Amino acid sequence: MPRPDFDVIVAGAGPAGGMAARTAAAVGLRTALVEEHEQPGLPAHCSGKLQLHAFREFDLPASLVMNTLRAGAFYSPGGAVFRVRREEADYQPPFELVDYVVTVQNRQGRGTFAEANVKINIKGEIVHTAAEGNGPVNALDAALRKALTPLYPQMNEFHLSDYKVRILDGRNGTAATTRVLIDTRNSHHQWGTVGASTNIIEASWQALLDSVEYGLWEAKEEAEAHV
Ligand SMILES: Cc1cc2nc3c(=O)[nH]c(=O)nc-3n(C[C@H](O)[C@H](O)[C@H](O)COP(=O)(O)OP(=O)(O)OC[C@H]3O[C@@H](n4cnc5c(N)ncnc54)[C@H](O)[C@@H]3O)c2cc1C
């Protein structure tokens, strides 16, 4: 019997294995998907929740939807909490972005530096700040802090402890989607936020805004709990 010849063999035909096999086959790799159960995809573990992107990906009919969740909270076993609060009816954001401009310059005698202008709406008041940084994200971070610190002094306690950039779909070259993960800490907590965009500055900005908004929201919750 001739030996089967594959570039990729994926063990397990669950959602992860199925997607991995599909992706490998789509780029022309000879792919085998093996499953220990007779019927791939079974037993199906689904208590009834599906993310919106899965609906779009598989073009599922709207008649399948019984309830739509617009907000939630996820608790990891390690105690880290990520909350999606923005869509909740009673949620008041501590600030809202109006716009930002960031430029990167390389000038003779000075080298490379960046300058950011940030305009945000804090409780109905438009605050406009500018700051320089050694790179665009550093400059945006500095301008955002300048705008928010007078009203939210707890910003002084937020420190970026990690900043990771990863290209998700390298096949698209310089148009690839970039995912940015930011870890922020204060004296007693650490939290992580994520941004994704085909523009690395926008991805970083999303992660940065979420990190600040989450930190301020958490500080407010803590303050209210101690009243
Ligand atoms: C009770 C329950 C309810 C859930 N409800 C939801 C929900 O409502 N919405 C949602 O999005 N997610 C839900 N989940 C989570 C979801 O089922 C998992 O996230 C998902 O199945 C993980 O996919 P996976 O491909 O990583 O692993 P699995 O689905 O576990 O797939 C792994 C596959 O590999 C096969 N396999 C293992 N070892 C081998 C081997 N050596 N050789 C060949 N095949 C092998 C297994 O038989 C299996 O088919 C639920 C999970 C549970 C347990």
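Residues numbered from 1 in each chain as written. Predicted model: local features only at pLDDT ≥ 70, side-chain atom pairs only at ≥ 80, totals over all residues. Heavy atoms only, no water.

To continue, consider the sheet that holds strand 6 (residues 111-122). Pairing in this open sheet of three strands is antiparallel, and the strands run 5-6-7 from one edge to the other. Single-partner strands in this sheet number two, and they are strand 5 (96-107) and strand 7 (125-133). Strand after strand, the sheet turns through a mean of 10° between neighbouring axes, direction not considered. Sheet topology places strand 5 next to strand 6; 11 bridges connect them, and they run antiparallel. Counted as the bridge partner of Asp 99 is Lys 119 from strand 6. (Pairing = 2+ DSSP bridges. Helix = DSSP H or I, 4+ residues; strand = E, 2+ residues; numbered from the N terminus. Axes fitted to C-alpha atoms, helices over the stretch in contact; angles between N-to-C directions.)

So, about the sheet that holds strand 8 (residues 159-167). With respect to topology, three strands assemble into an open sheet ordered 8-9-10, the strand pairing being antiparallel. The open sheet has two edge strands, strand 8 and strand 10 (190-197), and neither has a second partner. Pairs of neighbouring strands in the sheet enclose a mean axial angle of 15°, with direction left out of account. Sheet topology places strand 9 (residues 178-185) next to strand 10; eight bridges connect them, and they run antiparallel. Residue pairing for strand 10: Thr 178 is matched across the bridge by Ser 197. Those strands touched by helix 4 (residues 200-225) are strand 8, strand 9 and strand 10, and its axis lies near 150° from that of strand 10. (Contact = heavy atoms within 4.5 Å.)

Right, let's get into helix 1 (residues 15-26). End to end, helix 1 covers 16 Å across 12 residues, agreeing with the expected 16 Å (1.5 Å per residue, within 8%). Check the buried side of helix 1 and you find it contacts strand 1 (8-11) and strand 2 (31-34). (Expected span 1.5 Å × (residues − 1).)

Moving on, we get to the nonpolar core. Counting residues in each nonpolar core, the largest one holds 31 residues, and the members touching the most others are Phe 95, Ile 120, Leu 144, Leu 148 and Leu 216. Examining the composition of this core, we find that 10 residues originate from one element, helix 4, more than from any other. Leaving out residues up to four positions away in the same chain, Phe 95 has contacts with Ile 120, Asn 121, Ile 122, Leu 144, Leu 148, Leu 209, Val 212, Glu 213 and Leu 216. (Core = buried A, V, L, I, M, F, W, Y, C linked by side-chain atoms within 4.5 Å. Buried < 20%, exposed > 50% of the residue type's maximum accessible area, 1.4 Å probe, protein only.)

Contact pair helix 3 (residues 136-148) / helix 4: the axes reach a minimum separation of 10 Å and the direction vectors enclose 30°. One finds that helix 3 runs roughly parallel with respect to helix 4. Note on packing geometry: the crossing formed by helix 3 with helix 4 is right-handed. Residue-level inspection shows Pro 136, Val 137, Leu 140, Asp 141, Leu 144 and Leu 148 of helix 3 in contact with helix 4, the latter providing Ile 201, Ser 204, Trp 205, Leu 208, Leu 209, Val 212 and Leu 216. Considered class by class, the residues forming the contact of helix 3 with helix 4 number 11 nonpolar, one polar and one charged. (Parallel < 35°, antiparallel > 145°, perpendicular 65-115°, else oblique. Left-handed = near helix turned anticlockwise from the far one by under 90°. Nonpolar A, V, L, I, M, F, W, Y, C, P; charged D, E, K, R; others polar.)

This paragraph deals with the packing of aromatic side chains. Enumeration over the complete set of coordinates arrives at four aromatic pairs. Measuring from centroid to centroid gives 4.9 Å for Tyr 100 and Trp 205, while their planes differ by 50°, and the two rings are tilted. Here Tyr 100, found in strand 5, pairs with Trp 205, found in helix 4; they are 105 residues apart in sequence, far enough to count as distant. Measuring from ring centre to ring centre gives 5.3 Å for Phe 158 and Trp 191, while their planes differ by 85°; the resulting arrangement is edge-to-face. Of this pair, Phe 158 sits in the loop between helix 3 and strand 8 while Trp 191 is found in strand 10, placing the two residues 33 residues apart along the sequence. Side by side, Phe 158 and Trp 191 carry an identical accessibility label, which is buried. Each residue in the set Phe 158, Trp 191, Tyr 214 and Trp 217 is aromatic and connected to the rest through ring pairs, giving one cluster. Its end group placed over the ring of Phe 113, Arg 110 keeps NZ or CZ at 3.6 Å from the ring centre. (Phe/Tyr/Trp six-rings, centres within 6.5 Å; stacked < 30°, edge-to-face > 60°. Lys NZ or Arg CZ within 6 Å of the ring centre and 35° of its normal.)

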